[in-house]
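The primary structure of each chain is shown beneath.
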Amino acid sequence: PFRPMSAWKAPSRSIFRLLIVILLCSIGFNVWFVVRDQNRKVEFNDHVGPQIEGRAALNATMKIEPHTILFLGDSHVEMFPLNDLFPNKKILNLGVSGSKLDQVIDGQARIDLGNTPEKIFIMAGVNDIFHGSNPEDVGKRMEQLLNILQERYLAVPLFVHAILPTREPSFAYAIIASNALLKPICDEHGVTFIDMYATVEQNGLIRSELVYDQIHLNAEGYALWAKVLEPFLN
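So, a few notes on the structure that sits alongside this text. These numbers were taken from a predicted model, which means no experiment stands behind them.

The rules behind the values
Residues numbered from 1 in each chain as written. Predicted model: local features only at pLDDT ≥ 70, side-chain atom pairs only at ≥ 80, totals over all residues. Heavy atoms only, no water. Helix = DSSP H or I, 4+ residues; strand = E, 2+ residues; numbered from the N terminus. Contact = heavy atoms within 4.5 Å. Areas by Shrake-Rupley, 256 points an atom, 1.4 Å probe, with all protein chains shown as cover. Axes fitted to C-alpha atoms, helices over the stretch in contact; angles between N-to-C directions. Parallel < 35°, antiparallel > 145°, perpendicular 65-115°, else oblique. Left-handed = near helix turned anticlockwise from the far one by under 90°. Nonpolar A, V, L, I, M, F, W, Y, C, P; charged D, E, K, R; others polar. Polar contact = N/O pair within 3.5 Å; in protein donor to acceptor, adjacent residues only side chain to side chain. Phe/Tyr/Trp six-rings, centres within 6.5 Å; stacked < 30°, edge-to-face > 60°. Buried < 20%, exposed > 50% of the residue type's maximum accessible area, 1.4 Å probe, protein only. Salt bridge = Lys/Arg side-chain N within 4 Å of Asp/Glu carboxyl O. Pairing = 2+ DSSP bridges. Arc of directions from axis to C-beta.

## Some words on the overall build of the chain
Then, in step 1: Scanning the chain for helices and strands turns up nine helices and seven strands.
Then, in step 2: Across the chain, the fraction of contacts at a sequence separation of at least 24, relative to all contacts at a separation of at least 6, is 74%.
Then, in step 3: Carbon and sulfur atoms make up 59% of the accessible area of the chain, which amounts to about 13,100 Å² in all.

## Focus: the packing of helix H4 (residues 101–110) against helix H6 (residues 135–152)
Then, in step 1: Following both chains from N to C, one finds H4 and H6 inclined at 15 degrees, their axes separated by 9 Å at the closest point. Taken together, the axis directions place H4 and H6 in an arrangement best described as roughly parallel. Of the two elements, H4 crosses H6, and the hand of that crossing is left-handed. Two secondary-structure elements touch here, H4 through Leu 101, Val 104, Ile 105 and Gln 108 and H6 through Val 138, Arg 141, Met 142, Gln 144, Leu 145, Ile 148, Leu 149 and Arg 152.
Then, in step 2: Looking at the contact of H4 with H6 residue by residue, the class counts come to eight nonpolar, two polar and two charged.

## Considering the packing of H6 against helix H7 (residues 172–189)
Relative placement of two packed helices is described by the angle separating their axes and the distance separating the axes.
Then, in step 1: Running from N to C, H6 and H7 cross one another at 30 degrees; their axes reach a closest spacing of 9 Å. Between H6 and H7, the crossing angle belongs to the class labelled roughly parallel. Helix-helix and strand crossings are classified by hand; for H6 and H7 the assignment is right-handed. Of H7, the residues touching H6 (which contributes Pro 135, Glu 136, Val 138, Gly 139, Met 142, Glu 143, Leu 146, Asn 147 and Gln 150) are Ala 174, Ala 177, Ser 178, Leu 181, Leu 182, Ile 185, Glu 188 and His 189.
Then, in step 2: Residue composition of the contact of H6 with H7, grouped by class: nine nonpolar, five polar and three charged.

## Section: the side chain of Ser 99
Then, in step 1: Mapped onto the secondary structure, Ser 99 falls in the loop between strand S2 (91–93) and H4.
Then, in step 2: For Ser 99, the side chain forms a polar contact with the main-chain oxygen of Val 96, separated by 3.0 Å.

## Section: the packing of aromatic side chains
For any two aromatic rings, the description comes down to two numbers: the centre-to-centre distance and the angle of the planes.
Then, in step 1: Considering all chains together, one arrives at seven aromatic pairs under this definition.
Then, in step 2: When the centroid spacing of 4.8 Å and the interplanar angle of 10 degrees are considered together, the rings of Phe 71 and Phe 121 count as stacked. In this pair, Phe 71 is assigned in strand S1 (residues 69–73) and Phe 121 in strand S3 (residues 119–123), connecting sequence segments 50 residues apart.
Then, in step 3: Phe 121 gets classed as buried once you look at its relative accessible area, which sits at 0%.
Then, in step 4: Ring geometry for Phe 80 and Trp 225: centres 4.2 Å apart, planes at 35 degrees, overall tilted. In this pair, Phe 80 sits in the loop between helix H2 (75–78) and helix H3 (82–85) while Trp 225 sits in helix H9 (residues 219–233), placing the two residues 145 residues apart along the sequence. Pair check on accessibility: Phe 80 and Trp 225 agree, each one buried.
Then, in step 5: Each residue in the set Phe 71, Phe 121, Phe 159 and Phe 232 is aromatic and connected to the rest through ring pairs, giving one cluster.

## Observations regarding the pattern of salt bridges
Then, in step 1: Under the defined criterion, the tally for this structure stands at four salt bridges.
Then, in step 2: A salt bridge links Arg 141 to Asp 128, with the shortest nitrogen-to-oxygen separation between them at 2.8 Å. Here the residue Arg 141 occupies a position in helix H6, and Asp 128 occupies one in helix H5 (residues 126–130), the gap between them amounting to 13 residues.
Then, in step 3: With a closest N to O distance of 2.9 Å, Glu 209 and Arg 207 form a salt bridge.

## Brief notes about the sheet that holds strand S4 (residues 158–161)
Strands belonging to one sheet form pairs held by backbone hydrogen bonds; the direction of such a pair is parallel or antiparallel.
Then, in step 1: If you walk across this open sheet you meet the five strands as S2-S1-S3-S4-S5, and the pairing is parallel. At either margin of the open sheet sits one strand with a lone partner, and together these are S2 and strand S5 (192–194). Between one strand and the next, the sheet's axes are offset by a mean angle of 20 degrees, whatever the strand orientation.
Then, in step 2: By the bridge criterion, three bridges tie S3 to S4 in an arrangement that is parallel. Bridging from a neighbouring strand, Phe 121 pairs with Phe 159 of S4.
Then, in step 3: Across the sheet, H9 is in contact with S1, S3, S4 and S5; its angle to S3 comes to roughly 150 degrees.

## Overview of H4
An α-helical segment advances 3.6 residues per turn. Residues three or four places apart therefore align on the same side.
Then, in step 1: Where H4 is concerned, the buried positions are Leu 101, Val 104, Ile 105, Gly 107 and Gln 108. Down the axis, H4 shows its buried residues gathered within 155 degrees of arc, on one side only.
Then, in step 2: Taken together, the buried residues of H4 touch S1, H5 and H6.

What follows is the structure, given as structure tokens:
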């Protein structure tokens, strides 16, 4: 039966104090999380800024022999031991850790390789997502890069890798949505799309046995990538 308002009792002081403590703890945790995230971004930017500039300057001095295969992108590319895994191929690795797509584009504006590459492989975009770019921006920047490369290297085959998942669930949707845009962009430009995402993904995240941290591939991860990549190199 319905109880009249006179039958309800206000919470006791102890319960009220407990609720206040829970509320304050919740607010404090959220403030700490936001501050920590901002500090991480500052530390990341302070660390990779000079590194990107230094490696990009080095890349700008590179010259290649005929029939060299070019790799462009971020830390996934830079740390890929391509020449060890494919000793019979001439490969120039121009990956730069921390690079966003606009920095890959800027790198191409600086470089004069001296010869035309045989093929060009690209993996980039995850750092754009880390810095808050939406999938549409990732797609636009990739299309801009493809336009530059196709204008500069007219008949050179281009290959774009899907953005790899990470172990961080908060990036999962943006990576999936970005890859969904990259595939039709590649089709429109006559570029081969290599869906590494499907090879390494499990429940929206990269399989834990393939990375040594939340993002970067370990030896097993690179061995798997090399296996997927081999038919495209030949």
